[in-house]
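Per-entry structural report
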Amino acid sequence: MMEFIIKKKSKIHGFGMFTSKRIKKGEVFYEIPANKIINKPKRRYAFIGNNKWVNDTKVLNWVNHSCKANTKLDISREKPALIAKRNIKEREEITCDYNKTEKNGEKISCNCGNKKCKEYFRRIE
């Protein structure tokens, strides 16, 4: 795991991942380990699109949803990765928009707190 990505209590939901350094817009700051990606889902695996699932208990499983996420999950790369959509401040929570990869999932109540919150997101279980 990248030493600047830290798991701690989140205001959004349970625990989340936070950064201890600034991350620049467009920066690829985390690649999902290839050995964590599978084609057949199991319990506690996160859907990342293209019939791929991941169980990354170090980072990705703890990235919370936000309707105005600061990060995108790029699954078009050889190694799927988290990329900053904007500059991310030191100590800020890293968030993704689950609706981008889990379009056909079940509606879950959203707690992101953003002014433009859609009040739900989709999650495939």
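Above this text sits the structure in question.
Cut-off values and rules
- Residues numbered from 1 in each chain as written.
- Predicted model: local features only at pLDDT ≥ 70, side-chain atom pairs only at ≥ 80, totals over all residues.
- Heavy atoms only, no water.
- Helix = DSSP H or I, 4+ residues; strand = E, 2+ residues; numbered from the N terminus.
- Contact = heavy atoms within 4.5 Å.
- Salt bridge = Lys/Arg side-chain N within 4 Å of Asp/Glu carboxyl O.
- Buried < 20%, exposed > 50% of the residue type's maximum accessible area, 1.4 Å probe, protein only.
- Core = buried A, V, L, I, M, F, W, Y, C linked by side-chain atoms within 4.5 Å.

**Remarks on the side chain of Asn64**
Checked against the element boundaries, Asn64 lands in strand β7 (residues 64-65). Setting aside residues up to four positions removed in sequence, Asn64 forms contacts with Ser10, Ile12, His13, Phe15, Gly16, Glu93, Ile94, Thr95, Cys96 and Tyr98.

**Looking at the pattern of salt bridges**
Across all of its chains, the model carries four salt bridges by this definition. Of the charged contacts, one joins Arg86 and Glu92 as a salt bridge, the two residues approaching to 2.4 Å between their closest N and O atoms. Residue class for Glu92 comes out buried when judged on its relative accessible area of 17%.

**Overview of the nonpolar core**
Membership of the largest hydrophobic core comes to 18 residues, with the highest contact counts inside it found for Ile5, Phe29, Tyr30, Val59, Val63 and Leu82. Looking at this core, the elements with two or more residues in it are β3 (28-31), β9 (81-84) and β10 (93-96). Counting six residues, the second largest nonpolar core, distinct from the first, contains Tyr98, Ile108, Cys112 and Phe121.

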